[in-house]
Structures are given as C-alpha cells and as structure tokens.
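As a plain string of letters, each chain reads:
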Amino acid sequence: MRSLRLSKEWLTLGWLMVCVLVYLSLNPSPPELPEFPLSDKATHLLSYTWIMLWFGFIYKPGAKYLLLGLTLILLGVILEILQGASGYRSMEVSDASFNGLGVFAGWLLARTRLSSTLLWTERLIYRNH
C-alpha cells in the first residue's frame, strides 16, 4: 500500500465505486447511455479501467493488487451471469470481455506516473498544514 494519510478514506471511496457499479449493473432500469457506436462497450471498458486504476492509486504493484484485479474480472463475469438470470437484463460475453479489458487497461495505467495521483492530491491538501 502507498503511504497515504487518507488511505482509509480513499479505500472507502473505491469500494463505494464498486458498490455503485454493482447497483448499476443489476438495476432493472439502468441510466440511458449516450448514443454512439459501441457506447455500451466503452462504458464497460471505462468503468472497469477507472476502478482498477483507482485502486492502483492506493496499492503498489504486487500480489494484493493482482488479486484485486482478478477479483474485479470475476465480479464482471458474475454480474453478467446475474444480468442474464434476472429476466430483465441480458448477459453478454462481450460485456464481460470489455470488463476484463478495462481491468487490464487500469492495471497498465497504474504502472505509470498516474499511480501517484492520490499522493499528489494529498500534497496539495496538506500543503498549508
């Protein structure tokens, strides 16, 4: 884990994002997406990229972060299965694939300087303290 003063708060925010993702994935009336080709797939990709990257702001590369990524991939698959079983949503293998691609993209981005985003944010917050 990175040396963050607000690590508990950042983790809570991350898990809140996961809860929102689960809610939106299982909601019978999901919000309307902007209409453009592959907008549904882009939403899956960007959602999972952002969540994986968010946790990359908190965790350093390593076993814990890898386990988190595998857990998010599994979550994406399980949510697709639950959507298919719901009777009001549909299961799409391509959606689960884009979820997994998003996790991988977030994992890659977290290996860049972007991973220091929360460290930089905290420096700004505590600059005058």
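As the structure is a computational prediction, the values presented were derived from the model and not from experiment.

Engineer: Give a description of helix H3 (residues 63–86) that names residues and reports values.
Structural biologist: Its 24 residues place the ends of H3 34 Å apart at the C-alpha level, agreeing with the 34 Å of an ideal helix rising 1.5 Å per residue. On its buried face, H3 is in contact with helix H1 (7–26), helix H2 (39–58) and helix H4 (93–109). Two residues or fewer past H3, Gly87 is found with a positive phi of approximately 90°.

Engineer: Outline the nonpolar core, listing residues and values.
Structural biologist: Among the nonpolar cores identified, the biggest contains 24 residues, and Phe55, Ile58 and Leu72 are the most heavily contacted of them. Sorting the residues of this core by element identifies H1, H2 and H3 as the ones contributing at least two each. It is H2 that provides the largest number of residues to this core, a total of 8 residues. For Leu72, the contacting residues outside a window of four places in its chain are Val18, Tyr48, Ile51, Met52 and Val103.

Engineer: Help me get a handle on the packing of aromatic side chains, residues and values and all.
Structural biologist: Across all of its chains, the model carries 6 aromatic pairs by this definition. Here the aromatic rings of Trp10 and Trp54 are separated by 5.9 Å at their centres, their planes lie at 70°, and the arrangement is edge-to-face. Of this pair, Trp10 sits in helix H1 while Trp54 sits in helix H2, and the two are 44 residues apart along the sequence. An identical accessibility class is assigned to Trp10 and Trp54; each is buried. Considering the side-chain rings of Trp54 and Phe57, the 5.7 Å spacing of their centres and the 65° angle between planes classify their relative orientation as edge-to-face. Residue Trp54 and its partner Phe57 are located together in helix H2, separated by 3 residues, close to a single helical turn. On the accessibility criterion, Trp54 (8% relative accessible area) is buried. Classification of Phe57 by relative accessible area gives buried; the value is 3%. Site record: aromatic cluster; members linked through ring pairs are Trp10, Trp50, Trp54 and Phe57.

About the cut-offs
- Residues numbered from 1 in each chain as written.
- Predicted model: local features only at pLDDT ≥ 70, side-chain atom pairs only at ≥ 80, totals over all residues.
- Heavy atoms only, no water.
- Helix = DSSP H or I, 4+ residues; strand = E, 2+ residues; numbered from the N terminus.
- Expected span 1.5 Å × (residues − 1).
- Contact = heavy atoms within 4.5 Å.
- Core = buried A, V, L, I, M, F, W, Y, C linked by side-chain atoms within 4.5 Å.
- Buried < 20%, exposed > 50% of the residue type's maximum accessible area, 1.4 Å probe, protein only.
- Phe/Tyr/Trp six-rings, centres within 6.5 Å; stacked < 30°, edge-to-face > 60°.

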